[in-house]
Amino acid sequence: MAQNHTAQGYAPGTHPDLPPPVRTTGPVGWIRANLLSSPLNITLTLLCAWLLWSVLPPALNWALFDAIWSATDRKDCWAQMDEPRAGACWAFIRGSFRLFIYGWYPEPERWRVNIAFILLVLAIVGVLRDSLPGKKYWLWFAVAFPFIGAWLIVGGFGLTPVGTQKLGGILLTVIIGVTGITFSLPLGIALALGRRSKLPALRAVCVIFIEFIRGVPLITLLFVASTMLTYFLPPGSTFDLLMRVLIMVTLFSAAYIAEVVRGGLQGLSSGQYEAADSLGLTYWKAHRLIILPQALKISIPGIVNTFIGLYKDSVLVLIIGMMDILGLGRARLNDPDWLGLAPELYLFIALFFFLCCFSMARYSLSLEKKLETGHAQ
Amino acid sequence: MNNPDDTQNNAVELAEPIITINGMHKWFGDFHVLKNINLEVRRGERIVICGPSGSGKSTLIRCINRLEEHQQGTITVDGTELTRDLKNIEIVRSEVGMVFQQFNLFPHLTVLENVTLAPIWVRKMPRAEAEESAMQYLERVKIPEQALKYPGQLSGGQQQRVAIARSLCMNPRIMLFDEPTSALDPEMIKEVLDVMIELAESGMTMLVVTHEMGFATAVAHRVIFMDGGEIIEEKPPQEFFESPDHERTKLFLSQILHH
């Protein structure tokens, strides 16, 4: 076609921009290029269509159309179906919902959890949204939130104290996830900078810490937290188990964050450091204004990946007897009224984790796009 | 583009030295990059440094603002000796501007933010004032209309001019240029050289590592030729090009002038 246009004769320098040939763009072009481009592609397209057709309808029937939403126990559930187990018995999840969310948190004090949750949402919005009036105060609030939240949940200072052994379910999962995420990021950045420091002693400490923590499975660290730490502490002192677990989870993910951030720091050209130096910026100002904004931007995928890993790994605490959402759910399965409803339970838990992690992943993508300034130095 | 006129030359000859380098040596590990460098630069003087690649010319000017550390000898910049003392390094860096081959603009900041960053954070200038002076410098390098773009959206020549404005915004007494036009497409070299010539005419002390011999002839008081980490020869540009003393200088000139 290009030859035709040349034949139509544009003088040199006057050739206009022409639209692309019709068949390469638009929905028709997309289907041709992506679904039907070759015999193999056509076969695969048909195979996928057949798979979806045979899997999707029964799955939807079970999970939605034939599902039972209210019942007193599993027998009641099955009695309401055409045949037992033809559909999901969501009544089980509904009935246990408050337990799954609050654990054994005392009923009259649950408003505190609700307020903490609302404040958490506000803090997250405050950090993530750009165009808020008074952004500075939102950020201060976000920094203060972990402490306000901890006070609301464990009490003291005017509130009825609630022992941490009463925490469980989604509440516990979110506490571990949010604490780990908020504290491991700054700690990880500090470790990454320390590892690249010119001071040999500081560098050695950071390297040993990172390599040791990375070289040990998280479960081992949790066992250390639950048993061994008591040997190191002065006799008679009690140190809350949840606190120990939070520290271990934070340290564990900080070591990974440190390595991710170090990768980001290495991704910057030395010219950026030299330009900052030559302008007379001090180490801290150069890092705050020039180096870290760029290094963290490069590291976003890795950082969010680590956060997602941390969030999901929080279920490992069930091994040392803490009842997070998975531990609590498994305990509920032993209830004689609801025996044998494992699919419903695990699907619910999977959905919960998926929603949390998927939104983190989507946010990280949109953040990357927003920070894109059309460059590569 | 004439030679600097005689009155200006005389004024420079009478001016006091602003950079004094005495018996300076530098090693990269075992590699002896700079050997016994002695150099005095007077206030307002413009020096072009040339030489084959690996001759140590970039390293030499990078020692002047301590991007590289020297191991022997002394470097004194405007009365401040460069030692390990961070205070002194800070003083020197705030008086010496530097322009790099690869521009090294901050890609996550707009042009205006690039230019105002150091005045605001190093000089503690109020933002409004910094922006006003930044716009003046951007006008001086002829790109005020790009102020709100990001460096990645500019051409190489424009980026290099922003880099020059960024250094000028700190009111430096000395400007170092490390091959400022080597990374540019040919059609952009002139716009950067024009800005540098204008800067030279304003009386700035300049040390320029470059192979742009036209620029050297037009504005330099002295041309320094380096090879193997030593200063081989230094002369006013006309003499340097017409009657170099050393064989190595002649060879180098024949290589860059006739091809």
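In what follows, the structure referred to is the one given above.
A brief structural summary.

Definitions and limits used
Residues numbered from 1 in each chain as written. Chains lettered and ligands numbered in written order. Predicted model: local features only at pLDDT ≥ 70, side-chain atom pairs only at ≥ 80, totals over all residues. Heavy atoms only, no water. Pairing = 2+ DSSP bridges. Helix = DSSP H or I, 4+ residues; strand = E, 2+ residues; numbered from the N terminus. Axes fitted to C-alpha atoms, helices over the stretch in contact; angles between N-to-C directions. Contact = heavy atoms within 4.5 Å. Disulfide = S-S within 2.5 Å. Buried < 20%, exposed > 50% of the residue type's maximum accessible area, 1.4 Å probe, protein only.

1. Focus: the sheet that holds strand E10 (residues 230-235) of chain B
As a general point, the strands of a sheet are linked pairwise by backbone hydrogen bonds and lie either parallel or antiparallel.
Residue and element names in this part refer to chain B.
For step 1, the next point in the chain: Strand order across the open sheet formed by 6 strands is E6-E7-E8-E3-E9-E10, with mixed pairing between neighbours. The strands lining the two open edges of the sheet, one partner per strand, are strand E6 (96-99) and E10. Sheet twist, expressed as the average angle between the axes of neighbouring strands with direction ignored, equals 20°.
For step 2, the next point in the chain: With 4 bridges connecting them, strand E3 (residues 46-50) and strand E8 (residues 205-209) associate as parallel partners. Directly across from Ile49, in E8, lies its bridge partner Val209.
For step 3, the next point in the chain: Contacts from helix H3 (residues 86-95) reach E6 and strand E7 (174-178) within the one sheet, and its direction differs from that of E6 by about 65°.
For step 4, the next point in the chain: Strands E3, strand E9 (222-227) and E10 of the sheet are contacted by helix H10 (residues 247-257), whose axis makes an angle of about 100° with E9.

2. Brief notes about the state of the cysteines
For step 1, the next point in the chain: In the structure shown here, the tally under the stated rule is 1 disulfide over all chains.
For step 2, the next point in the chain: A sulfur-sulfur distance of 2.0 Å marks the disulfide that ties Cys77(A) to Cys89(A). Taking the torsion about the sulfur-sulfur bond, which here is approximately 100°, the covalent link between Cys77(A) and Cys89(A) counts as right-handed. Of the two residues, Cys77(A) is situated in helix H4 (residues 74-79) and Cys89(A) in the loop between H4 and helix H5 (91-102); the sequence distance between them amounts to 12 residues. For the residue pair Cys77(A) and Cys89(A), the accessibility class agrees, reading buried in each case.
For step 3, the next point in the chain: Looking at Cys356(A), it has no disulfide partner, and the nearest cysteine sulfur is the one in Cys357(A), 6.3 Å off.
For step 4, the next point in the chain: Between Cys63(B), a cysteine without a disulfide, and Cys50(B), which holds the nearest cysteine sulfur, the sulfur-to-sulfur distance is 18 Å.

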